[in-house]
Amino acid sequence: MRSPPARLILWDMGNPAPRFTEHSRSGQPRTDTDGVNPTRQGPGDRLCRFEFVLAFAAALLLALAGCAELPEKRPAVAGSMPAGGGDIARALYTQLAEWRAVEYRYGGTSKRGADCSGFVYVTYLSRFGIHLPRSTERQARAGPRVSVNRLHPGDLVFFHTGWGKRHVGIYIEGGRFIHASTSSGVTMSRLDSGYWKSHFWKAVRVM
C-alpha cells in the first residue's frame, strides 16, 4: 500500500493563508491546484520581503534614535548677566549693610567675628541657601574658573596674601567685591586697587 505524499506548509509573506505543497517520493515538489510551482518566488514575493526589510530597518533606526543622549546644555555666554544677576547683587549689598565693620576673627562665622572664608560661607548659606565648603582652599575648588573680566555677581575672588596664605571675597559688580579683611573687618574693596590687583589669584563661579 502506498503511503500518501508528504505535505509541506509554506508561509507566504504576502498571503496570510498557508500554502500546502506536496512532495513526491523523488523529493521533487509538485504544483498546487493552480498549476504554479510553490517553491518558486514570484515578483510579489520578492516585493513583500523587500517591504518587510524596509519596515524592520525603519523600526531599528527609531529605536536607536530613542536611546541617543541629548546634547549637553551649554552654559550662558561668558560675560552676559546671568538670570537673576541683579537680585544677587542686591542680596550682597544687603549682606554688606548688615555685616559692615564686623571684626575679623579667625574661625568665626558670626557677627561677633568672622574670617574671610567664614563670611563667604555664611553669606551663601543665608542669602542663597547654598552650602559651600568652609575653608578657603576648598572654596577655591568649588566651581569652574572664570576670567577676571567676565565676572558675574556672586563669583568668588581669591588672592595670594603671603607665603601659603589665601584670601577670598564675593564679587558684586563694577569691579567691587565684599570680604572680611584682617585690617578692616567686613568691607567692600575694588579689584583694581593696588594691593588687591597685585595679589589677585583667580575667580571661581559657584552658581
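Residues numbered from 1 in each chain as written. Predicted model: local features only at pLDDT ≥ 70, side-chain atom pairs only at ≥ 80, totals over all residues. Heavy atoms only, no water.

**A look at helix α3 (residues 116–128)**
At 3.6 residues per turn, the α-helix brings residues three or four places apart onto the same side. Here α3 is 13 residues long and its end C-alpha atoms lie 18 Å apart, about the 18 Å a rise of 1.5 Å per residue gives. Downstream of α3 by a residue or two, G129 has a phi angle that is positive, lying close to 65 degrees. (Helix = DSSP H or I, 4+ residues; strand = E, 2+ residues; numbered from the N terminus. Expected span 1.5 Å × (residues − 1).)

**Observations concerning the sheet that holds strand β9 (residues 185–190)**
Strand order in this open sheet of six strands is β5-β10-β6-β7-β8-β9, and the pairing throughout is antiparallel. Both outer strands of the open sheet, β5 (145–146) and β9, are each paired with one neighbouring strand and no more. Alignment of strand β7 (residues 165–173) against strand β8 (residues 176–181), held across three bridges, turns out to be antiparallel. Bridge assignment links E173 to a residue of β8, and that residue is R176. (Pairing = 2+ DSSP bridges.)

**Thoughts on the pattern of salt bridges**
Counted by the stated rule, this structure contains six salt bridges. Across the pair R127 and E98 runs a salt bridge, and its minimum N-O distance is 2.8 Å. With a gap of 29 residues between them, R127 in helix α3 and E98 in helix α2 (residues 85–99) connect regions that are remote in the sequence. The class for R127 is partly exposed, based on a relative accessible area of 28%. When its relative accessible area of 42% is taken as the criterion, E98 is described as partly exposed. Ionic pairing is found between R141 and E137, a salt bridge with its closest N-O pair at 3.7 Å. On the basis of relative accessibility, which here comes to 57%, the residue R141 falls in the exposed class. E137 gets classed as partly exposed once you look at its relative accessible area, which sits at 47%. (Salt bridge = Lys/Arg side-chain N within 4 Å of Asp/Glu carboxyl O. Buried < 20%, exposed > 50% of the residue type's maximum accessible area, 1.4 Å probe, protein only.)

**Quick word on the pairing of β7**
When strand β6 (residues 156–162) meets β7, the two strands line up antiparallel, connected through six bridges. Its bridge partner being in β7, H160 is matched across the sheet by R166. If you look at the hairpin formed by β6 and β7, you'll find two residues sitting between the two strands, and G164 has a positive phi there, around 75 degrees. Counting the residues that bridge the hairpin from β7 to β8 gives two residues, and of these G174 lies at a positive phi of roughly 60 degrees.

**Section: the pairing of β9**
With six bridges connecting them, β8 and β9 associate as antiparallel partners. Pairing of A180 across the sheet is with V186, part of β9. Here β8 hands over to β9 after three residues, the two strands then running antiparallel side by side.

**Notes on the environment of S126**
Considering the arrangement of structural elements, one finds S126 in helix α3. For the pair S126 and Q95, spaced 31 residues apart in sequence, the C-alpha separation works out to 9.1 Å. A polar contact of 2.7 Å, which involves the side chain of S126, links it to the backbone oxygen of V122. (Polar contact = N/O pair within 3.5 Å; in protein donor to acceptor, adjacent residues only side chain to side chain.)

**Here's the deal with α2**
Given a rise of 1.5 Å per residue, 15 residues ought to cover 21 Å, and the 21 Å separating the end C-alpha atoms of α2 matches this to within 8%. Every buried residue of α2 is listed here: G85, I88, A89, A91, L92, Q95, L96 and W99. Burial along α2 is one-sided: seen end-on, the buried residues are contained in an arc of 160 degrees. Exposed and facing more than 90 degrees away from the buried side of α2 are R90 and A97. Positioned one or two residues after α2, A101 has a phi angle of 75 degrees, which is positive. (Arc of directions from axis to C-beta.)

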